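Structural description and commentary
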Amino acid sequence: MRALLVVNPKATTTSGRTRDVLTHALRSDLKLEVAQTQYRGHARDLAQRVTEDGSVDLVVALGGDGTVNEVVNGLLAHGPGERVPRLAVVPGGSTNVFARALGLPNDPVEATGALLDALADRRERSIGLGKALTDGLPDRWFTFTAGLGFDAGVVGRVERRRRAGRKSTHALYVAEALRHYVTEREHRRSGPISLEINGQDPVPGMVMAIVSNTSPWTFLGSRPVFPSPAASFETDLDIFGITRMTAFRTARTVRQILRPLPAAEGGARPAGPSGKHLVSYHDVRHFTLVSEEPAPFQVDGDHLGDRSRVSFTGVRRALRVIV
């Protein structure tokens, strides 16, 4: 099988030596071309090139969720189709939500072994993805989440700290979330974001809106976080919103989304967080988030600036993944 390995040399949890070992292992089973990313968006450009020229059957992303997102957007630059190469992932970031949601080991060496086994057994899976459209940006595919409001503001704060030299860690995210909560007092009791779904009355007043394409939404270390526990690669998109962020209600919601999920009986959906201040929708194909003023926007943990209107679409069976 012809393959392109896209390597992020700045991946958090892999050294140069580890990447060399992984490359050697993949070359044992693949006709492999290796490319290291050199700038933001380079992984997207590499994946788009090999998709357009038909030179490979598989693109392997070695890096974190940002690298995976770029590769996916390159593969789907012209939309889904049979000519789009398959995707494989070797996790190399600090969190690796997409890889872990697929059931892959979080260790890159173990994940490479699992990938080689999947290739030998010809195992693949067609998964759904989300797509976001907003003014000033091209359509943006996402693999596990997008967000408008508070959570995207936290992502933006973390990115600024990383540009200043801080390493991305779960502790950094928690610290910046607390700082953001303390400083963003204006919208805690009534947010500027409304949810619009065709045929329904708008849902106003949200401080934050999280769009999930799978579950969990993220991880704190080894602990999964479940704002929309029924979200799945086999369904359309789930929406979780918060309209009031008082200290008591926020603490209660955090406890709910961190609690282990009980086993659902008879095929029932797992129960998510509950409360009058929460908004929850499951398996929605088309909807729009509108903010009265520009609000922070993120896709797969990548901060994309402030936006006033973002439209979302769930696309089933958008991409074939080796698992």
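Reading guide: rules and limits
- Residues numbered from 1 in each chain as written.
- Predicted model: local features only at pLDDT ≥ 70, side-chain atom pairs only at ≥ 80, totals over all residues.
- Heavy atoms only, no water.
- Axes fitted to C-alpha atoms, helices over the stretch in contact; angles between N-to-C directions.
- Helix = DSSP H or I, 4+ residues; strand = E, 2+ residues; numbered from the N terminus.
- Parallel < 35°, antiparallel > 145°, perpendicular 65-115°, else oblique.
- Contact = heavy atoms within 4.5 Å.
- Nonpolar A, V, L, I, M, F, W, Y, C, P; charged D, E, K, R; others polar.
- Core = buried A, V, L, I, M, F, W, Y, C linked by side-chain atoms within 4.5 Å.
- Buried < 20%, exposed > 50% of the residue type's maximum accessible area, 1.4 Å probe, protein only.
- Pairing = 2+ DSSP bridges.
- 1 Å grid on protein atoms, 1.4 Å probe; cavity = no way out; pocket = protein on both sides within 12 Å on 5 of 7 lines; lining within 4 Å.
- Points joined across faces, edges and corners; volume = space filled by probe spheres on them.
- Phe/Tyr/Trp six-rings, centres within 6.5 Å; stacked < 30°, edge-to-face > 60°.
- UniProt positions renumbered as here; feature names shortened; annotations may be inferred.

What follows deals with the packing of helix 1 (residues 16–27) against helix 5 (residues 108–121). The geometry of helix 1 relative to helix 5 is characterised by a closest axis approach of 10 Å and an angle of 10 degrees between their N-to-C directions. With respect to their mutual orientation, helix 1 and helix 5 come out roughly parallel. Of helix 5, the residues touching helix 1 (which contributes Thr18, Leu22, Ala25 and Leu26) are Pro108, Val109, Thr112, Leu115 and Leu116. Broken down by class, the residue content of the contact of helix 1 with helix 5 amounts to seven nonpolar, two polar and no charged.

Another point: the nonpolar core. Counting 33 residues, the largest nonpolar core has Val71, Leu87, Phe98 and Leu319 as the members making the most contacts within it. For this core, the secondary-structure elements that each account for two or more residues are strand 1 (2–7), helix 2 (42–53), strand 3 (58–63), helix 3 (65–75), strand 4 (86–91), helix 4 (97–101), strand 5 (124–134) and strand 16 (302–322). Not counting chain neighbours up to four residues away, the residues in contact with phenylalanine 98 comprise Asp65, Val68, Leu87, Val89, Ile127, Thr143, Phe144 and Phe233. Counting residues in hydrophobic clusters, the runner-up holds 23 residues, among them Phe142, Ile193, Leu304 and Phe312.

Next up on the list: the pairing of strand 10 (residues 208–212). Along strand 10, five of the five residues are buried, which leaves the element largely enclosed by surrounding structure. As judged from the five bridges shared by strand 7 (residues 145–149) and strand 10, these two strands associate in the antiparallel manner. When the bridges of strand 10 are listed, alanine 146 appears paired with valine 211.

Approximately 380 Å³ is the volume found for the second largest pocket. Around the second largest pocket, the lining comprises 17 residues; the ones closest to its centre are Arg44, Asn73, Pro138, Asp139 and Arg140. Secondary-structure elements contributing two or more residues to the lining of the second largest pocket are helix 2, helix 3, strand 6 (140–142) and strand 16. Across the lining of the second largest pocket, the residue classes tally to six nonpolar, four polar and seven charged.

Before going further, it helps to examine the packing of aromatic side chains. Under the definition given, this model contains three aromatic pairs. Ring geometry for phenylalanine 287 and phenylalanine 312: centres 5.2 Å apart, planes at 20 degrees, overall stacked. A residue pair is termed long-range when its members are at least 10 positions apart, and phenylalanine 287 in strand 15 (residues 286–299) and phenylalanine 312 in strand 16 qualify at 25 residues. Of the residues examined, phenylalanine 287 reaches a relative accessible area of 3% and is grouped as buried.

The sites that carry the UniProt feature "domain: DAGKc" (unreviewed entry) are, in the present numbering, residues 1–136. Segment residues 1–136 splits into 40% helix and 26% strand. End C-alpha atoms: 38 Å apart.

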